[in-house]
Amino acid sequence: MAVHETSVRDTAGLEALISRAAAQGKGLPPVDRWNPEFCGDLDMEIKADGTWFYMGTPIGRQPLVRLFSTVLRKDADGKTYLVTPVEKVGIRVEDAPFLAVELNVSGSGDDQVMTFRTNVGDVAEAGAENPLRFVVDAENGGLKPYLLVRGRLEALLARAVMYDLVNHGEDIVVDGKSMFAVRSRGAVFPIMPSGQLEMQSR
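In this report, the structure presented in the accompanying data block is examined. Per chain, residue numbering runs from 1 following the sequence as it is written. Totals for whole chains, interfaces and linings use all residues, but because this is a predicted model, local features are given only for residues with pLDDT of at least 70 and pairs of side-chain atoms are given and counted only at 80 or more. Hydrogens and waters are ignored; side-chain quantities use all the structure's heavy atoms.

Remarks on unusual backbone geometry
Moving on, step 1. For Asp175, which is not glycine, the phi torsion reads 55° and is therefore positive.
Moving on, step 2. Secondary structure elements are taken from DSSP: a helix is a run of H or I of four residues or more, a strand is a run of E of two residues or more, and numbering for both begins at the N terminus. Here Asp175 shows up in the loop between β13 (170–174) and β14 (177–184).
Moving on, step 3. The buried label applies to any residue whose accessible area, calculated with a 1.4 Å probe on protein chains only, is under 20% of its type's maximum; exposed applies above 50%, and partly exposed to all values in between. Exposure remark for Asp175: the relative accessible area of 78% places this residue in the exposed category.
Moving on, step 4. Non-glycine residue Arg185 carries a positive phi angle of around 50°.
Moving on, step 5. Turning to its location among the elements, Arg185 is positioned in the loop between β14 and β15 (187–193).

A few points about the side chain of Ser184
Moving on, step 1. Summarising the element assignment, Ser184 is placed in strand β14.
Moving on, step 2. Overall, the relative accessible area of 0% leaves Ser184 in the buried class.
Moving on, step 3. As used in this structure description, the phrase polar contact means that two N or O atoms lie within 3.5 Å; if the pair is within protein, one of them must be able to donate a hydrogen and the other to accept it, and residues adjacent in sequence are counted only when both atoms belong to side chains. Only 2.6 Å separates the side chain of Ser184 from the backbone oxygen of Ala126, close enough to count as a polar contact.
Moving on, step 4. Note on definitions: a residue-residue contact is assigned when non-hydrogen atoms from the two residues lie within 4.5 Å. Sequence-distant contacts of Ser184, that is, excluding residues within four places in its chain, are made with Gln112, Val113, Met114, Ala126, Gly127 and Phe189.

Thoughts on the packing of aromatic side chains
Aromatic ring pairs are described here by two measures, namely the spacing of the ring centres and the angle between the planes.
Moving on, step 1. Put simply, two rings from Phe, Tyr or Trp (the six-membered ring, in Trp's case) pair if the centres are within 6.5 Å, and we call them stacked under 30 degrees between planes, edge-to-face over 60, tilted for the rest. Applying the stated criterion across every chain, the model contains 2 aromatic pairs.
Moving on, step 2. Ring geometry for Phe38 versus Tyr81: centroids 5.8 Å apart, planes at 80°, classification edge-to-face. With Phe38 in strand β1 (residues 38–46) and Tyr81 in strand β5 (residues 80–84), this pair connects stretches of sequence that are 43 residues apart.
Moving on, step 3. Accessibility expressed as a relative area gives 46% for Phe38, which makes it partly exposed.
Moving on, step 4. Using a relative accessible area of 6% as the deciding quantity, one classes Tyr81 as buried.
Moving on, step 5. Between Trp52 and Phe68 the ring centres are 6.2 Å apart and the planes differ by 15°, which places this aromatic pair in the stacked class. Of this pair, Trp52 sits in strand β2 (residues 52–54) while Phe68 sits in helix α2 (residues 62–70), placing them 16 residues apart in sequence.
Moving on, step 6. Geometrically, a lysine NZ or arginine CZ counts as sitting over a ring once it is within 6 Å of the ring centre and also within 35 degrees of the ring normal. Directly above the aromatic system of Tyr81 lies the positively charged group of Lys88, at a separation of 4.4 Å from the ring centroid.

Shown next, in the form of structure tokens:
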């Protein structure tokens, strides 16, 4: 009975949160300027593949996912929250909150620009303000690239996008070392030492 009551309360709370998030209007709300009280955690999780779950069930309505994504904020404590002017609720994120699903590359050399689109509709150009970072997965040794989208929120590059990105890589000397790297908006993002890439490609 208690579980049912909690579920009803969670659902009602979620509906109220949706209405308050929707009330913010079009565009991205200024979540970084809001400082509401923390209201506890919500049974919501973003999986590594970008799927959003609420109470263990996938949220199938993409407009709703997009709406929630506009009020996401990752704070200095490393936790991710849904934030409105009157409340802040914690959610779980398995990896990154967003997934980069498309890459467009224009120009070349120092004029090259890499533009990414995420699964929730954000568009960001990699550069000094939206840097790329690369992590080697401790479990399988695979490369995991991330793009800073906004605030402290990152997008994990989907596998196909990662391969596209790597195809635009080149050997660039960074701090006296030859690195396999990519360029965008005048910034250079090292992926790994050139020698290490050669060893992995054998």
